[in-house]
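For reference, the chains in residue letters:
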Amino acid sequence: MKVINQVPGEVGFKQAIKDFFVGYVEFKGRTTRAGYWWVQLILMSIRLLFGLILFTTLFSAIINTGMMYGYYDYYMSDDEIAWEVFSALFRILPILIFYFVYSLAILLPNLSLMTRRMRDAGLRGRGLLVHYIALFLLGMFQFTFQVASTWSPGYYVASMLCLFLNLIISIELFVFTLMPTDEITVRSNSSFLRFFFREKELPNVQPLTEILPQETSEKPVEEIIEELKNEPAVSSSNETSNETSNETSNETSNETSNETSNETSNETSNETSNETSNETSNETSNETSNETSNETSNETSNETSNETSNETSNETSNETSNETSNETSNETKNEPPL
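The structure presented is a predicted model; accordingly, all values stated were derived computationally and were not measured.

> Summarise the pattern of salt bridges; cite the residues concerned and give the values.
Per the stated rule, a full pass over the model turns up four salt bridges. Among the salt bridges present, the one from Asp-182 reaches Arg-30, with a minimum N-O distance of 3.5 Å. With a gap of 152 residues between them, Asp-182 in the loop between helix H7 (154-177) and helix H8 (191-196) and Arg-30 in strand S2 (residues 29-30) connect regions that are remote in the sequence. Judged by its relative accessible area of 28%, Asp-182 is partly exposed. Linking Glu-199 and Arg-194 is a salt bridge whose minimum nitrogen-to-oxygen distance equals 3.1 Å. Bridged by salt links that share partners, the residues Arg-30, Asp-182 and Arg-198 form one connected network.

Shown next as structure tokens:
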């Protein structure tokens, strides 16, 4: 039997159905959320269809019984009502047989699918087995207490308590099916938790290479003296290279700073001189234009006023002289002769 080990994010509808039938009774391996719920979608659709058929059949039988009792005033005994319901179920007997065979056929693969899904989420197989045993025992106790409650009402409370615990465990398992891969794994030293849940896997870390101790060997005195002689030469060469690099870097930085300062000063002086020359030229042109316009306007007004005054005075003097001469001549003419 092939071991089913599904990878999250790589399981579609076809792959989920294929793994369900390939891993028919395979309880090892893992099944992701997608691989589990795609299969459950198909199974729940079949259950829903059968439930609708059964409900409509029983409902029609009840309606027929009520119509016979109400409309025809026909009293039906309990045996006759039971026979009516049984005959309605007999009509769908092939469907009932098919669903019974179908339920037996998917019992083991559904159980193995649930086990793989729980293992993928982080619950061990033995932890799931404990849950199933608890569900079975609580169901048996509930049925026993329910039957015993007909003689003693005190057993009814115990029956409801078993039903409540059964419901809690079922909800817990349902929540586990919704968990992603390795969600409920633990990293604890508790034997109780490690019995139910898988241990969290650490990421793969490459082992550190072991550093072997270096073998010490005694050197002769002559080699030590030669090394001591070579050390000053090495240090002096290092000092020389450091000085050269420092001088080069200083010269480069000085040249760069000088060029930058010269460019900045030249730009500043050019801008200042341009602004000053523009302001001076504007002021000079404004003053010159104002003086010229003032002189021109004054000369024009003076000339105009002089011409106007001359013309007026000439006209006035001419009129006055003409009038005077005319009057004088007229008077002379009008005087009688002596």
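> Tell me what's going on with the nonpolar core, and back it up with residues and numbers.
One finds Met-118, Leu-123, Leu-173, Phe-176 and Phe-197 to be the most contacted residues of the largest nonpolar core, which totals 24 residues. Mapped by element, the contributors of at least two residues to this core are helix H1 (13-22), helix H2 (33-70), helix H5 (107-121), helix H6 (125-148) and H7. With sequence-adjacent residues up to four places away left out, Leu-173 is seen in contact with Met-114, Met-118, Leu-128, His-131 and Leu-135.

> Tell me about the confidence of the model for the chain, and please be specific about residues and values.
Taken over all residues, the pLDDT of the chain has a mean of 75, while the share at 70 or more is 55%. For the stretch residues 209-217, pLDDT sits under 50, and the model shows zero contacts to residues farther than four places along the chain or on other chains. Residue range residues 332-338 is modelled with pLDDT below 50. Its contacts to residues more than four positions away, or to other chains, number zero contacts.

> Break down the side chain of His-131 for me, with residues and values.
For His-131, the position within the fold is in helix H6. If near-sequence neighbours (up to four positions away) are discounted, His-131 is found in contact with Ile-169, Glu-172, Leu-173 and Phe-196.

> I'd like a rundown of the packing of H6 against H7, residues and numbers included.
Put simply, H6 and H7 touch, their axes get as near as 8 Å, and they point 155 degrees apart. Judged by the inter-axis angle, H6 sits roughly antiparallel to H7. As H6 runs across H7, the sense of the crossing is left-handed. Among the residues forming the contact of H6 with H7, the class breakdown is 16 nonpolar, seven polar and one charged.

> Can you lay out the side chain of Asp-120 for me, pointing to particular residues and giving the numbers?
Note that Asp-120 resides in helix H5. Within the structure, the side chain of Asp-120 is placed 2.6 Å from the side chain of Arg-117, a separation counted as a polar contact. Apart from the residues within four sequence positions on either side, Asp-120 is in contact with Arg-30, Thr-31, Thr-32, Pro-180, Thr-181, Asp-182 and Arg-198.

> Account for a nonpolar patch on the surface, with residues named and values stated.
A cluster of nonpolar side chains, Trp-83, Phe-86, Phe-90, Leu-93, Ile-97, Phe-100, Val-101 and Leu-104, forms an exposed patch at the surface whose accessible area comes to about 880 Å². Contributing elements (two or more residues each) for the nonpolar patch: helix H3 (78-91) and helix H4 (93-105). For the nonpolar patch, the leading source of residues is H4, giving five residues. For Ile-97, the location among the structural elements is in helix H4. Exposure remark for Ile-97: the relative accessible area of 47% places this residue in the partly exposed category.

Cut-off values and rules
- Residues numbered from 1 in each chain as written.
- Predicted model: local features only at pLDDT ≥ 70, side-chain atom pairs only at ≥ 80, totals over all residues.
- Heavy atoms only, no water.
- Salt bridge = Lys/Arg side-chain N within 4 Å of Asp/Glu carboxyl O.
- Helix = DSSP H or I, 4+ residues; strand = E, 2+ residues; numbered from the N terminus.
- Buried < 20%, exposed > 50% of the residue type's maximum accessible area, 1.4 Å probe, protein only.
- Core = buried A, V, L, I, M, F, W, Y, C linked by side-chain atoms within 4.5 Å.
- Contact = heavy atoms within 4.5 Å.
- pLDDT = per-residue confidence, 0-100.
- Axes fitted to C-alpha atoms, helices over the stretch in contact; angles between N-to-C directions.
- Parallel < 35°, antiparallel > 145°, perpendicular 65-115°, else oblique.
- Left-handed = near helix turned anticlockwise from the far one by under 90°.
- Nonpolar A, V, L, I, M, F, W, Y, C, P; charged D, E, K, R; others polar.
- Polar contact = N/O pair within 3.5 Å; in protein donor to acceptor, adjacent residues only side chain to side chain.
- Patch = residues over 30% accessible without salt bridge, like charges linked within 9 Å, V, L, I, M, F, W, Y side chains within 5 Å.
- Areas by Shrake-Rupley, 256 points an atom, 1.4 Å probe, with all protein chains shown as cover.

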